[in-house]
Every structure is written in structure tokens, then in C-alpha cells.
Amino acid sequence: QVQLVESGGGLVQPGGSLRLSCAASGSRFSINAMGWYRRAPGKERELVAIVPSGGRANYADSVRGRFTISRDNTKNTVYLQMNSLKPEDTAVYYCTVQIYSGAYINYWGQGTQVTVSS
């Protein structure tokens, strides 16, 4: 069973930075895409950033230039460096990985709260 463990959320002032981490374990197959979504109060879940294996990262327009996604395939870990945080970045952030084992399956982390407030 694939498990995702997230860390790094918290409270930060506007303009500050946070780094989220998500470590995947338990898969017998290679991980394809790794990414982050978020859900703000009263809003739909939205894609923040995603990076395919060996491919180019994609970002939501709202975070491009401020957030950077990266992955360490040796550790099956994906990171999200968040700079110049704004109050509208406040949300629960969810890590996701996509694994191919005859079909593409997406797995999700438990979510980590990010609150941007003065």
C-alpha cells in the first residue's frame, strides 16, 4: 500500500516562505508524476504544481514565479518551496503521486495546513 507523508506546513506572515515535503513509500512500481494541490476554505481543490518523471514542471498561474516544485527520485520525495506567500495562499495542501501498475493510479497525502496571516 502506497503511503504519503507530508510535512512542512504552518503559520507564516505575508511575504514569508515555507517548504513542504512529501515522502512516498510502499510502491513496487516507479512513480510517474508528483505534485501538489490545495483546497482553500469554501473553494474547490486546485492544482498548485506538478512535475512528471523526467519532464517539465507545470504551475498554476497564481503561484508561478513564487513557488518551485522539485523531486528527489532517490528518496521518492517531492518538495514545494513557497516564497512571497500571500494570504490567498492559505489552504490545506495535498501531495499526490501517480503510479503506473497496469493502469494509472493517483495516491494522496493527508494534507498539511498552510496559513498566511499577520
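The shown structure was predicted, so the numbers you read here are calculated from the model rather than taken from an experiment. (Residues numbered from 1 in each chain as written. Predicted model: local features only at pLDDT ≥ 70, side-chain atom pairs only at ≥ 80, totals over all residues. Heavy atoms only, no water.)

**Digging into the pairing of strand β4 (residues 31-39)**
The test is simple: Only strands joined by at least two bridges in the DSSP assignment are considered to pair. In this description a helix means any DSSP run of H or I spanning at least four residues, a strand means any run of E spanning at least two, and both kinds are numbered starting from the N terminus.
Of the pairings in the sheet, the one linking β4 to strand β9 (residues 91-100) comprises seven bridges and is antiparallel in character. From the neighbouring strand, R39 faces β9, where its bridge partner is V92. Sheet topology places β4 next to strand β5 (residues 46-51); five bridges connect them, and they run antiparallel. Along β5, the bridge assignment pairs R38 with E46.

**Notes on the pattern of salt bridges**
Note the threshold: A pair is scored as a salt bridge if a Lys or Arg side-chain nitrogen falls within 4 Å of a carboxyl oxygen belonging to Asp or Glu. A simple rule labels every residue: compare its accessible area, found with a 1.4 Å probe on the protein chains alone, to the largest value its type can have, and call it buried under 20%, exposed over 50%, or partly exposed in between.
One pass over the structure, following the stated rule, counts four salt bridges. Here E46 ties to R38 by a salt bridge, and the two come within 2.6 Å at their closest N and O atoms. In this structure R38 comes out as buried when scored by relative accessible area, which is 6%. With its nearest N and O atoms 2.6 Å apart, the salt bridge here joins R64 to D61. The exposure class assigned to D61 is exposed, which follows from its relative accessible area of 64%. The structure contains a network of salt bridges with shared partners spanning R38, E46, R66 and D89.

**Re the sheet that holds strand β8 (residues 77-82)**
In plain terms, the rule: Orientation is described by axes fitted as lines to C-alpha atoms, over the contacting stretch for helices, and by angles from 0 to 180 degrees between their N-to-C directions.
Spatially, β1-β3-β8-β7 is the arrangement adopted by the four strands of the open sheet, whose pairing is antiparallel. Taken across any chain shown, the strands that pair with only one partner, and hence form the sheet edges, are β1 (3-7) and β7 (67-72). When strand polarity is set aside, the average angle formed by the axes of neighbouring strands in this sheet is 15 degrees. Bridge analysis of β1 against strand β3 (residues 18-25) gives five bridges, and the strand direction is antiparallel. Following the sheet pairing, S7 is matched in β3 by S21.

**Observations regarding the environment of R64**
Mapped onto the secondary structure, R64 falls in the loop between β6 (58-59) and β7. A residue is classified by how much of its surface remains accessible, and R64, at 48% relative accessible area, is partly exposed. For the pair R64 and S7, spaced 57 residues apart in sequence, the C-alpha to C-alpha distance is 22 Å.

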